[in-house]
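Residue-level structure breakdown
What follows is each chain in one-letter form.
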Amino acid sequence: MIGPLRLAWRYVLFHKAKSLILIACIVLTTILPVAVKLLVWQFDQKIVARAASTPSIVGAKGSSLDLVLSALYFKQGGVEPVPYSEVERARGDGLATAIPLHCMFTAMDYPVVGTSLEYFDYRELEVLDGTLFVSLGDCVVGHKVAEMLSVAVGDQLISDRANVLDLAGQSPLKLNVVGVLDASRTPDDWAVFVDLKTAWVIQGLGHGHQDLNKVSPESPVLIASESGRIIANRGVVSYIEITDENVDSFHFHGDTDEFPVTAVLVSASGFKEETILQGRYESSDSEVQFVRPEIVVRDLMTIVFQVNRFFNANAILIGGSTAMLLVLVVLLSLRLRKREMQTMFRLGCSRGTIVWLQVGEMGIIFGFAMVFVLLGSTWVWMVSGDIVEGLLVNSR
Amino acid sequence: MIQIENLKFQYPRTEFMLRLPRLVVESGQRVAVVGPSGCGKTTLLNLISGIALPLEGAVMVCGEEVSAMSDASRRNFRIAKIGMVFQQFELVEYLDVLSNILLPFSINSTLSESSETRCRAIEFAEAMGLKEKLARRPAQLSQGEQQRVAICRALITEPGVVLADEPTGNLDPKNKRRILDLIFQLAEKNNQTLIVVTHDMGILDGFDRVIDFEKMRFSNVDEESSGAVRGAVGEQA
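The structure presented is a predicted model; accordingly, all values stated were derived computationally and were not measured.

Looking only at helices and strands, chain B features nine helices and 10 strands. Taken against the 2.2 N^0.38 rule, which gives 18 Å for 237 residues, the C-alpha radius of gyration of chain B at 18 Å falls within 12% of a compact globule. Projecting the C-alpha coordinates of chain B onto the three principal axes gives extents of approximately 50 × 40 × 35 Å. Going through the 237 residues of chain B one by one, you find that 56% of them count as buried. A fraction of 69% describes how many contacts in chain B between residues 6 or more apart in sequence connect residues 24 or more apart. A total of about 10,100 Å² of accessible surface is found on chain B, and carbon and sulfur atoms cover 46% of it. Of note, chain B has its 27 positive side-chain charges centred 4 Å away from the centre of its 31 negative side-chain charges.

One frequent convention defines the size of an interface as the accessible area lost when the parts assemble. Residue and element names in this part refer to chain A. Considered domain by domain, chain A is made up of domain 1 (2–47 + 300–394) and domain 2 (56–208 + 250–291). One C-alpha centre belongs to domain 1, the other to domain 2, and the line joining them spans 47 Å. Across the contact, nine residues belong to domain 1 and seven residues belong to domain 2. Across the interface of domain 1 and domain 2, roughly 900 Å² is buried in total on both sides, 57% from carbon and sulfur atoms. Where domain 1 packs against domain 2, one counts zero salt bridges. At the level of elements, α2 (16–52) and α11 (351–394) are the ones that each hand at least two residues to the side of domain 1 that touches domain 2. When residues in the side of domain 1 that touches domain 2 are grouped by element, the largest group, six residues, is from α11. Its residues assigned to classes, the side of domain 1 that touches domain 2 comprises four nonpolar, two polar and three charged.

Contact with chain B, which involves 24 residues of that partner, is made by 21 residues of chain A. Surface buried jointly by chain B and chain A totals about 2,100 Å² across both partners, of which 58% is contributed by carbon and sulfur atoms. Contact with chain A buries area across many residues of chain B, yet Y94(B), S106(B) and I107(B) alone supply 34% of it, more than any other trio. Between chain B and chain A we count three salt bridges in total. The salt bridge involving R10(A) is made with D96(B); its shortest N-O contact spans 3.4 Å.

Another point: the side chain of T54(A). Residue and element names in this part refer to chain A. By the secondary structure assignment, T54 is in the loop between α2 and β1 (56–60). Engagement of the side chain of T54 in a polar contact is seen with the side chain of R123, the distance being 3.0 Å. Among residues more than four places away in sequence, those in contact with T54 are L72, Y122, R123, L265 and P293.

Let's shift gears to the sheet that holds strand β2 (residues 17–25) of chain B. In a beta sheet, neighbouring strands are held together by backbone hydrogen bonds and run either parallel or antiparallel to one another. All names here are of chain B. Spatial strand order, β2-β1-β4-β5: four strands in an open sheet with antiparallel pairing. Each of the sheet's edge strands pairs with one partner strand only, and the pair in question is β2 and β5 (64–65). Here eight bridges tie strand β1 (residues 2–10) to β2, and the two strands are oriented antiparallel to one another. Residue I2 lies in a different strand from β2, and its bridge partner there is V25. Helix-sheet contacts for helix α1 (residues 41–49) involve β1, β2 and β4 (56–61), and the interaxial angle to β1 is about 120°.

The next thing to look at is a nonpolar patch on the surface. Residues and elements named next belong to chain A. Taken together, the side chains of W9, L13, F368, V371, F372 and L375 present a nonpolar region at the surface, about 540 Å² in accessible area. Broken down by element, the nonpolar patch gets its largest block of residues, four residues, from α11. Tracing the backbone through its elements, the reader meets F368 in helix α11. Note on F368: relative accessible area 35%, which makes it partly exposed.

Each value, and the rule that gives it
- Residues numbered from 1 in each chain as written.
- Chains lettered and ligands numbered in written order.
- Predicted model: local features only at pLDDT ≥ 70, side-chain atom pairs only at ≥ 80, totals over all residues.
- Heavy atoms only, no water.
- Helix = DSSP H or I, 4+ residues; strand = E, 2+ residues; numbered from the N terminus.
- Rg over C-alpha atoms; globule rule 2.2 N^0.38 Å.
- Buried < 20%, exposed > 50% of the residue type's maximum accessible area, 1.4 Å probe, protein only.
- Contact = heavy atoms within 4.5 Å.
- Areas by Shrake-Rupley, 256 points an atom, 1.4 Å probe, with all protein chains shown as cover.
- Lys, Arg positive; Asp, Glu negative; His and termini not counted.
- Charge placed at Lys NZ, Arg CZ, Asp CG, Glu CD.
- Domains from an automatic or database assignment.
- Buried area = accessible area lost by both parts, 1.4 Å probe.
- Salt bridge = Lys/Arg side-chain N within 4 Å of Asp/Glu carboxyl O.
- Nonpolar A, V, L, I, M, F, W, Y, C, P; charged D, E, K, R; others polar.
- Polar contact = N/O pair within 3.5 Å; in protein donor to acceptor, adjacent residues only side chain to side chain.
- Pairing = 2+ DSSP bridges.
- Axes fitted to C-alpha atoms, helices over the stretch in contact; angles between N-to-C directions.
- Patch = residues over 30% accessible without salt bridge, like charges linked within 9 Å, V, L, I, M, F, W, Y side chains within 5 Å.

Written out as structure tokens, the structure is:
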């Protein structure tokens, strides 16, 4: 069968354009459903794994999905904050470990996550370079953030304005990069971590400014000064960077227990403790909700898989129509090549050999198409993790 | 030698009927079969090569009864013992000249291509003035060159019989003579029996016999007494 295969190969080579179009048709029809399948599978794996590693979340009542996406993927918006006192409440009587998360801002378009040092142990995040944040204004960047922004320890990041048109609003804060996290292939790679208090400074709940005691009494920024109380106008110089020199001037106005956090990650010490906690939150007058991310995510995936079923049906229909078109192309090609086949037959070629010739041609085309599908699928498989992470993190 | 006895043939669902009481072509003879279109000249070649099977009678080629062979045996016999040249050349467009000459070795597993056959193909091409064009495709050749390639393809298996169906039908007068001379020359060199079907009465010089097929197929007597056969052109048999 070498002869017919060699002829088939020569035919495919001679009709390059036709062969390439056929290969492209097969590759596109096959690779799209395969890629979607891989992406959905990867999405399922990633989102479920992330959810499973987070036993429960406490946050404002409302959409449990928004709360989960906010706490797991730092998605911004759609979730009302809860007061910091909820963190202490979740810790309860030592029933659980509670980690605050506050993610309302971005720096260079990457989410800035205000949290505590416990978060890094909780997520088993390792520092690749530098240290974790130790003082106000420090930040630790995720692996991907460092890679994408080309930042390293010693560099600075500037937080984004919540509203670029609001010139009278809170000024951006320069964050000092003190550490870069090792790659974890989780949304943590795509975030900038700061201490919760730094997040509140970014929000404008805390600030630092020039020492008014050292301002000349004639200074136009002073409005009044009586019995140790100094009142200044908005002309007082506020710091947009926290340094060793000015860190002591930073302070908060108000009760920090009332300051906002987006969500609280709760890890109860046991099933009984978790049930007790859940019972506390499920009272009807509670302003907060207690959710198990895994249940919320599995509900979401049920919907995703239902949608995927429609996509599968669509792929089958497209595949069917492409197959019919291919059959049509082959039949038309056979008609065009009738004389060639007849000549071969008259010379002494069997009908079986002619069939082999046709099968060989289609085999070569399918073979090449399958190689491309395999290469494409491998590539999709290799990048699907990043694509899914990117999709989840950038959907904020 | 080719021998046909009491042959009767009819295409299905047609009124065309071919009757041939007797036809004998000796080994090494050069025979021209002439007659108007539709008189059955090509059918005769198909019967000799085993592409068509007679309803009655026998067709013997090189001592073997082609009409009694199985399909596979006829195919193998055809590719090994019979070389065919067609009016439209029928070269394979996607193969170069050398591969076209060697085509019989690619389409039938009973023949195997070897360095010897490749050398022979190159020799034939050289004899036909095609040596410089071995890597070209049919579309890059003139009509005369294409027919020369087709002749090489017909002769590459060193068949005992060469059947040519209007081999000069698509050629200009200068090329017609040249192609026929080449066929004669190669057939004579290898002692091959040559049957050329044509309706061109201007190319009959050089044939040992000319058969007027129109007269022959309607006669009920054998070819020698039917008056349909002449000896060398210009002589009465």
